[in-house]
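# Chain and residue survey
Spelled out from the first residue to the last, the chains are:
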Amino acid sequence: GAGVSQSPSNKVTEKGKDVELRCDPISGHTALYWYRQSLGQGLEFLIYFQGNSAPDKSGLPSDRFSAERTGGSVSTLTIQRTQQEDSAVYLCASSPGVWVETQYFGPGTRLLVL
Amino acid sequence: DAKTTQPNSMESNEEEPVHLPCNHSTISGTDYIHWYRQLPSQGPEYVIHGLTSNVNNRMASLAIAEDRKSSTLILHRATLRDAAVYYCIPFTGTASKLTFGTGTRLQVTL
């Protein structure tokens, strides 16, 4: 079946602009995660959605970052007033939402802020 | 989150076995040990997980120490496609973020 998809695959923007990154999880997965990976760095958790529960936003680095998940499926990560330090690969993952689950990752969106 | 320690890098010849160690001495009793890997320019992919008993699947084997303070991922015959960064992650099941450490970069040569 189809895996996690993300769009765009690459995004170049100017400092100060807003960007939206999209994630389509695997159909039927109730949990959805966003991570980011800066050049040469490890993966950093950003935010997590599980069903209708309030999202876990504990990893968002600043209030310029927000995310929503509409209809329990597609998610959008928005970065307002982008800064050069926001340049990274943004990865989305989904999981079935049951015990000891595997997270399935998308290919990521590579964001470059000039 | 339990702290993990992995070698920064390892090398292997193709078609030889590879043993990737991980120390997780502060692991809690409910944490499963998950392994993910990240191939170049791709998102991470699940490899294997276990709790106490050794585990096998089509990709690899996982050997867990009796005290659960360490584990070893075993690739029985490394191929060039196995070149990746391997992450060992203690993980308490549902609804939780994965905390990735620095992982082990595996190089496989002919």
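This structure is a prediction, so every number in the text was calculated from the model and none was measured.

What counts as what
Residues numbered from 1 in each chain as written. Chains lettered and ligands numbered in written order. Predicted model: local features only at pLDDT ≥ 70, side-chain atom pairs only at ≥ 80, totals over all residues. Heavy atoms only, no water. Pairing = 2+ DSSP bridges. Helix = DSSP H or I, 4+ residues; strand = E, 2+ residues; numbered from the N terminus. Axes fitted to C-alpha atoms, helices over the stretch in contact; angles between N-to-C directions. Disulfide = S-S within 2.5 Å. Buried < 20%, exposed > 50% of the residue type's maximum accessible area, 1.4 Å probe, protein only. Contact = heavy atoms within 4.5 Å. Buried area = accessible area lost by both parts, 1.4 Å probe. Polar contact = N/O pair within 3.5 Å; in protein donor to acceptor, adjacent residues only side chain to side chain. Nonpolar A, V, L, I, M, F, W, Y, C, P; charged D, E, K, R; others polar.

All names here are of chain B. Pairing analysis gives five bridges linking strand β3 (residues 32-38) to strand β4 (residues 45-50), with the strands arranged antiparallel. Paired with His 34 across the two strands is His 49, which belongs to β4. Following β3, the chain reverses through six residues before pairing antiparallel with β4; Ser 41 in that reversal takes a positive phi of roughly 60°.

The next point concerns the sheet that holds strand β3 (residues 19-24) of chain A. Residues and elements named next belong to chain A. Strand order across the open sheet formed by four strands is β1-β3-β7-β6, with antiparallel pairing between neighbours. Lying at the two open borders of the sheet, with one neighbouring strand each, are β1 (5-7) and β6 (65-69). When the angles between neighbouring strand axes are averaged without regard to direction, this sheet yields 15°. Of the pairings in the sheet, the one linking β1 to β3 comprises three bridges and is antiparallel in character. Along β3, the bridge assignment pairs Gln 6 with Cys 23.

A few words on the state of the cysteines. Among covalent bonds in proteins, the disulfide is the one between the sulfur atoms of two cysteines. Residue and element names in this part refer to chain A. Considering all chains together, one arrives at two disulfides over all chains under this definition. What pairs with Cys 23 in a disulfide is Cys 92, and their sulfur atoms sit 1.8 Å apart. Residues Cys 23 and Cys 92 share a disulfide whose torsion about the S-S bond is about -65°; that sign makes it left-handed. Of this pair, Cys 23 sits in strand β3 while Cys 92 sits in strand β8 (residues 88-95); the two residues are 69 residues apart in sequence, bridging distant segments of the chain. Given a relative accessible area of 0%, Cys 23 falls into the buried group.

What follows is about the interface of chain B and chain A. Each partner contributes to the interface: chain B provides 18 residues, whereas chain A provides 17 residues. When chain B packs against chain A, the two sides together hide about 1600 Å² of surface, and 60% of this comes from carbon and sulfur. On the surface where chain B and chain A come into contact, there are three residue pairs in polar contact (both at pLDDT 80 or more). For the side of chain B that touches chain A, the secondary-structure elements that each account for two or more residues are β3, β4 and β8 (84-91) of chain B. Residues of the side of chain B that touches chain A, tallied by class, amount to nine nonpolar, eight polar and one charged.

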